[in-house]
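Each chain is listed here by its residues.
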Amino acid sequence: MNLDHQILTLITFIPLAGAILLALLPDKGKTMQWGALAITLFTFLCTLHLPAHYAYNAPAGSFQFDQNHPWIPSPAIHYHIGVDGLSMWLVVLTGLLAPLGVLASWNAISSRRKTFYVLFLLQQVAMFGVFVSLDLFLYYAFWELSLVPMTILIATFGRTANRRRAALKYFLYAFIPSAILLVAVIWVYTRTGTFDLPTIASQHLLSGTSTAMWLASLAFLLAFAVKVPVFPLHGWLSDAVAEAPTAAVMVLAGKLGLYSILRFYFGLFPAEAHRISPLMIALGAVGIVYGALLALTQNDLKRLAAFATLGALSFITLGIFTFTIAGLDGGIFHILSESISGAALFVLMGLLYERYGTYDMRELGGLAAKLPWMVTLFVITTLSVVGLPMLNNFVGEFLILSGAMAHHHAWTAVATTGVILSAAYMLLMIQRVFYGSLGDKPEAMRTWDLDPREHLALWPIAILMLVMGIASPFWMRAIDQTGTAITQQHEDLPQTIRIESETYSQAAPSQITTASAHTRIPEATR
Amino acid sequence: MPAQYLWLIPLLPFAGFLLNGTMGRRLPRPAVTGIALLFTLIPALLVAWLWQTMLSTGQQTLEIVSGNWIAVTGFHVDFALSVDHLTLIMLAIVTGVGFLIHLYSAGYMAHEEGYWRFFAYLNLFMFFMSVLVLAENFLLLFVGWEGVGLASYLLIGFYFKKDSAANAGKKAFIVNRIGDFGFLLAMFLLIAEFGSLSFSHIFSTLAANPYLHGGLLTAICLLLVLGAAGKSAQIPLYIWLPDAMEGPTPVSALIHAATMVTAGIYMVARCHSLFDRSPLALAVVACIGAATAIFAACIGMVQHDIKRVLAYSTVSQLGYMFLACGVAAYSAAIFHLMTHAFFKALLFLAAGSVIHALSGEQDMRKMGGLRKRIPITFWTMSAGVFAIAGIPPLAGFFSKDEILYRAFAFEANPALGKLLWLVGLITAGMTSFYMFRLWFKTFFGPEHVDEHPPLETHGAAVHSRSTTTHVMEDEHDEGQAAHPHGVHKSPWIMLVPLVILAVLSLIGGWVGVPQALYGHNEIEHFLDPVFASAAPEIAISPGPIAHGLEFGLAVVSVLTALLGLFVAYIFYYKRPRTAAAIAQRFPALYNLVQNKFYIDELYYFAIVTPLLVFTRGILGLVVETGLVEGSGKLAGLATRGLGGITRRIQSGNIRSYAGWLALGAAAVITVMIFGRFWIR
């Protein structure tokens with residue numbers, strides 16, 4: 001049986017069916033955990049169908065596994081789904097993080113488990129929907145859906161009394177720009193007569209430089225940038241991260257917003273995106289330093305991780321707005337690797353919280369001797385976060401920065417200081433939690449090192465970090481298609497300012513020895 | 001040796017790391033030792049085989065490319081290894097000295113709690129260091145570069161329960177990261193300029209474009225120098241190395257003296273084609289090297305901790321190598337790198353032996369008269385001291401003299417060359433002085449052994465656990481009935497490396513005897529294929545006059561070394577109070593140097609504190625709470641305010657609704673008529 005045309009629908013709605021099933025089952029013993037684990041693992045297996053059957057040599061910019069059915073005749077809304085090199089790996093990533101989230105919540109969520117796992121699965125449905133939708137209307141429906149379960153998760157399962165405020169803040173931050181986004185989506189429809197993204201993008205139905213166009217593009221960008229979040233729109237981030245349960249934090253930031261920028265903002269408004277790119281590059285570079293500096297001064301582990309996340313997301317923002325192949329490929333790759341390292345970090349912090357009931361580093365300390373396996377995994381994750389070569393994050397950061405260097409020397413230099421600062425705050429964290437003498441709380445408590453379930457959740461992730469750091473071309477093959485397509489998409493534009501993309505891809509090795517070098521070198525010297 | 005086997009040289013130690021790292025906790029100690037030693041011995045043998053193959057076939061380079069590591073359209077980096085004569089020398093040092101130190105550690109660390117962990121990290125270090133010297137491109141070199149930093153972090157912080165050790169490890173990593181910042185930017189510029197990071201590609205492009213000079217290349221070189229200064233502990237980033245002495249002594253010997261810290265010199269030598277095109281960058285390298293050499297020597301003269309003296313001496317000697325690179329005498333730099341690896345590893349291991357003998361005591365003021373107690377350590381250490389002081393015909397003399405001569409004869413910038421020579425010569429005198437000071441204070445004079453405090457108070461400096469107490473007594477020498485604790489036959493496993501390194505310190509310099517001293521300077525010829533492409537204007541012309549000059553300079557530097565010996569003899573043997581008296585005459589100066597010129601405090605005061613204050617105050621309070629969250633709150637308030645207004649509109653009053661309806665309709669009509677002028 002050839003599943004290729006139904007697979008995406010299956011992937012998207014299996015968690016929904018699972019959520020309904022869980023809602024019907026009684027919440028006894030570990031039924032919810034095992035049920036959710038089975039559903040998420042099955043979904044993950046289905047997502048693996050995509051890379052196994054993906055056509056890696058398909059023309060850049062084409063969509064695969066697509067399904068396009070008319071849904072509502074007027075306005076013309078289609079059920080159009082499909083993936084390319086960008087969204088395929090994001091679907092797989094979403095599939096991978098879900099079982100990990102279930103394992104991380106196994107004991108951490110002890111009451112109202114049914115509510116938790118149902119909402120968790122609904123969140124997954126929304127994320128899959130966002131990643132596969134190619135129809136603007138369909139996309140918007142999933143986009144809004146992604147907001148609701150997360151808000152309830154934070155409000156219900158938050159850690160402190162502050163949870164409702166954090167949830168409200170998150171909701172308002174995300175919802176208000178989304179409302180404006182809806183207006184812009186409808187404006188796009190009135191201008192083009194279709195909600196179909198590939199049609200609009202490939203036929204340049206949205207060309208022209210009107211004020212309205214500019215405003216609509218800003219509405220898209222604002223909604224996405226808040227969701228990422230891009231500095232300085234990150235007001236909701238640290239509170240939401242601090243409150244949300246581990247499984248929710250893993251999917252809270254980054255992916256949805258960044259993907260939407262890449263797919264919809266760049267797809268619909270390439271010229272506007274180029275015009276605003278210097279600003280976004282600056283915000284990215286500043287965000288890296290800002291996130292790292294604030295992470296350096298936190299006492300709360302989760303807030304530290306929140307600002308570390310802000311830094312990582314700023315790297316990606318910087319990379320994709322350079323519109324170089326290296327920057328885009330690196331940025332997309334970094335979405336994957338940042339999510340994985342971030343997930344591992346949050347899971348580990350959650351495990352510490354399960355043991356000691358605190359995220360405050362001042363109350364911890366000297367744990368290395370007590371929890372040798374925990375410290376091993378913490379150090380591996382730390383090394384991944386600080387971008388040690390041969391681990392996953394290095395590949396993304398390196399490509400992003402090398403892409404940025406092509407045109408933005410100063411901002412690249414600013415961004416590269418993040419390499420120093422990230423080492424500073426992560427190693428400081430390790431030292432405060434694990435080295436030195438035993439802290440007050442740990443001294444008073446008897447705890448255990450990782451149990452088999454925790455080993456099972458974490459080691460595959462640790463190994464994945466290493467494999468992604470060494471064998472990056474396995475992922476890059478598909479990503480590079482999309483990265484190249486986005487740079488070309490812009491070159492295809494009829495009339496706009498063109499930014500030269502990718503000097504080094506054009507300067508073939510031999511070229512520099514020819515006459516052109518005479519002109520190149522003095523230019524660079526200046 | 002077939003090229004495919006090259007991968008075994010780094011990967012075998014990595015396998016050792018994995019085995020000991022995952023199972024070491026449960027394995028018996030002999031198994032841990034066996035794994036660690038075996039997986040470092042085989043690479044050493046492979047290197048010997050490699051050396052033999054390359055010499056017998058006359059091959060200049062051996063390369064293997066094993067697939068892509070990072071690949072995007074228009075740019076890729078490969079897993080590529082390459083061996084030339086420079087790599088051969090480095091590999092021989094890394095695997096040879098590395099194996100000897102593994103051997104020594106098996107004895108030295110025998111009773112430590114984290115025995116398996118220590119050897120796992122040590123093997124991990126061997127993996128990354130081999131990758132570093134074998135890499136065929138900048139990025140793979142950077143893998144090794146960062147990786148040895150990681151191994152160094154883990155090993156410095158080996159006694160992680162001690163705050164000072166944890167701090168030192170963290171400091172080493174972060175300061176190295178500052179250097180890596182430069183290295184990374186240099187790589188990005190190289191990509192932008194050459195479209196590749198492969199050595200062969202970049203260097204052949206340079207060779208094909210003789211007019212490429214200065215400008216961007218200078219920027220690249222200066223950024224690389226920042227990286228090298230971080231790894232090789234040069235001004236302004238040397239501050240981490242003295243603190244790194246918190247690690248176990250074999251680690252200081254292997255990583256912080258013989259191999260890792262020389263990576264910066266290796267990198268500069270490897271990229272000499274770039275540096276040759278930028279006289280400014282070369283001058284900067286030379287000046288940093290000379291300044292570091294004399295500055296660290298100053299501090300080294302007044303330290304009391306035996307390992308810290310050696311640490312500052314290492315910084316100073318690395319400065320020499322930098323100086324050599326700066327005058328484009330790359331083969332002299334590598335020569336000194338090699339001899340330094342021998343004698344400094346020896347000195348550290350011997351110092352470890354001394355510390356062991358004294359139950360963990362590191363303060364030289366509490367030492368003395370040890371030459372009869374621990375004769376083998378004394379004799380081997382003497383070889384190291386004489387070698388580093390530059391007494392002929394030991395190893396250090398030839399390599400140091402080569403550097404001084406090449407600086408003096410630096411034709412591209414004669415004035416600078418003479419100055420560098422003078423600084424180098426003064427440093428040589430100081431080196432001789434502080435090394436003999438160490439020698440006299442440790443091995444001669446009155447004994448303080450019996451006053452030794454028990455391990456519990458002082459041993460913590462080296463050994464965090466009292467389980468090591470009984471080891472301390474086993475030092476190592478035969479038939480000393482006078483020993484207060486009874487004497488045991490020393491374990492051969494610790495003595496063999498000492499003796500081998502002592503022999504190498506004696507004769508290791510004979511491969512570089514200059515023609516002026518009737519030698520053949522084999523090492524320079526051996527390295528010729530690598531460095532021959534150095535720009536012709538920097539190369540010096542040998543001739544009879546040059547020989548005479550070289551001979552004369554050699555005599556001067558020997559006299560300087562002897563002067564250092566003589567002064568140390570007067571101060572610390574003949575009239576032991578003189579030194580203290582002089583120190584009392586100039587208390588301010590003495591304190592300044594004693595406290596390392598307060599550089600650490602200066603950095604902390606000028607950089608770290610302001611950064612944290614700025615972050616907490618401006619970023620944390622004003623920006624984060626005020627602007628970022630404040631604007632969110634403001635948006636919330638605005639929404640509520642708007643809600644208040646609209647609530648008032650919904651009054652339930654029909655007439656008011658009708659009025660609003662009419663107003664709205666009028667507005668819509670207005671927009672429909674005039675709006676298109678506004679929205680095109």
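Everything numeric in this text was worked out from a predicted model, so none of it was measured.

Here we take up the overall build of chain B. In terms of helices and strands, chain B carries 27 helices and two strands. For chain B, the spread of C-alpha atoms along the three principal axes comes to 115 × 65 × 55 Å. Taken over 680 residues, chain B has a buried fraction of 55%. Counting contacts in chain B only where the partners sit at least 6 residues apart, residues at least 24 apart contribute 79% of the total.

Counting residues at the interface gives 56 residues for chain B, matched by 64 residues for chain A. At the level of elements, β1 (62–72), α5 (138–156), α6 (163–194), α7 (199–208) and α26 (599–649) of chain B are the ones that each hand at least two residues to the side of chain B that touches chain A. With 17 residues, the top contributor of residues to the side of chain B that touches chain A is α6 of chain B. Split by residue class, the side of chain B that touches chain A holds 30 nonpolar, 15 polar and 11 charged.

Let's shift gears to helix α21 (residues 452–470) of chain A. A rise of 1.5 Å per residue sets the reference length of α21 of chain A, with its 19 residues, at 27 Å; its end C-alpha atoms lie 27 Å apart and thus fit the reference within 8%. Taken together, the buried positions of α21 of chain A are occupied by E454, A457, L458, I461, M465, M468 and G469 of chain A.

Comment: phi is negative for the bulk of residues other than glycine, and the bulk of peptide bonds are trans. Here the residue pair I235 of chain B and P236 of chain B is connected by a cis peptide bond, since its omega of 5° sits within 30 degrees of zero. Here P236 of chain B lies in the loop between α8 (216–231) and α9 (240–243). Located in the positive-phi region is R112 of chain A, a residue other than glycine, with phi close to 50°. Topologically, R112 of chain A is positioned in the loop between α4 (85–105) and α5 (113–132).

Residue and element names in this part refer to chain A. Two numbers describe how helix α18 (residues 392–405) lies on helix α19 (residues 409–434): the axes approach to 8 Å, and their chain directions differ by 155°. Between α18 and α19, the angle falls in the class roughly antiparallel. Where α18 approaches α19, its residues L401, A404 and M405 are matched on the opposing element by H409, W411, T412, A415 and T416.

All names here are of chain A. Mapped onto the elements of the fold, I180 is located in helix α8 (residues 163–192). Take I180: there are 16 C-beta atoms within 10 Å of it, and that puts it in the partly exposed class. Put simply, I180 and L218 are 38 residues apart on the chain and 9.7 Å apart in space, counted from C-alpha to C-alpha. In this structure, I180 is in contact with A219, L222 and A223, ignoring residues within four places of it in sequence.

For helix α6 (residues 136–145) of chain A, the complete set of buried residues consists of L136, F137, L138, Y139, Y140 and W143 of chain A. Residues of α6 of chain A that are buried make contact with β2 (77–83), α5, α8 and α9 (197–203) of chain A.

Before going further, it helps to spend a moment on the domain arrangement of chain B. For chain B, the assigned domains read domain 1 (293–594), domain 2 (596–649) and domain 3 (653–680). If you average the C-alpha positions of domain 2 of chain B and of domain 3 of chain B, the two centres end up 42 Å apart.

In this section: the confidence of the model for chain A. The predicted model of chain A has a mean per-residue pLDDT of 88, with 93% of residues at 70 or higher. Low pLDDT, under 50, characterises residues 495–526 of chain A; the predicted model gives this stretch 46 contacts beyond four residues in sequence or across chains.

It is worth spelling out the packing of helix α15 (residues 330–357) of chain B against helix α21 (residues 492–507) of chain B at this point. Angle between the axes and distance between the axes are the two parameters that describe a pair of packed helices. Residue and element names in this part refer to chain B. Running from amino to carboxyl end, α15 crosses α21 at an angle of 145°, the nearest separation of the two axes being 9 Å. In this structure, the crossing between α15 and α21 has a hand that is left-handed. Contact residues: α15 offers F342, F343, A345, L346, L349, A350 and S353, while α21 offers M494, P497, L498, L501, A502, L504 and S505. By residue class, the composition of the contact of α15 with α21 is 12 nonpolar, two polar and no charged.

Reading the values: rules and limits
Residues numbered from 1 in each chain as written. Chains lettered and ligands numbered in written order. Predicted model: local features only at pLDDT ≥ 70, side-chain atom pairs only at ≥ 80, totals over all residues. Helix = DSSP H or I, 4+ residues; strand = E, 2+ residues; numbered from the N terminus. Buried ≥ 20, exposed ≤ 12 C-beta atoms within 10 Å, placed from the backbone. Contact = placed C-beta atoms within 7 Å. Nonpolar A, V, L, I, M, F, W, Y, C, P; charged D, E, K, R; others polar. Expected span 1.5 Å × (residues − 1). Axes fitted to C-alpha atoms, helices over the stretch in contact; angles between N-to-C directions. Parallel < 35°, antiparallel > 145°, perpendicular 65-115°, else oblique. Domains from an automatic or database assignment. pLDDT = per-residue confidence, 0-100. Left-handed = near helix turned anticlockwise from the far one by under 90°.

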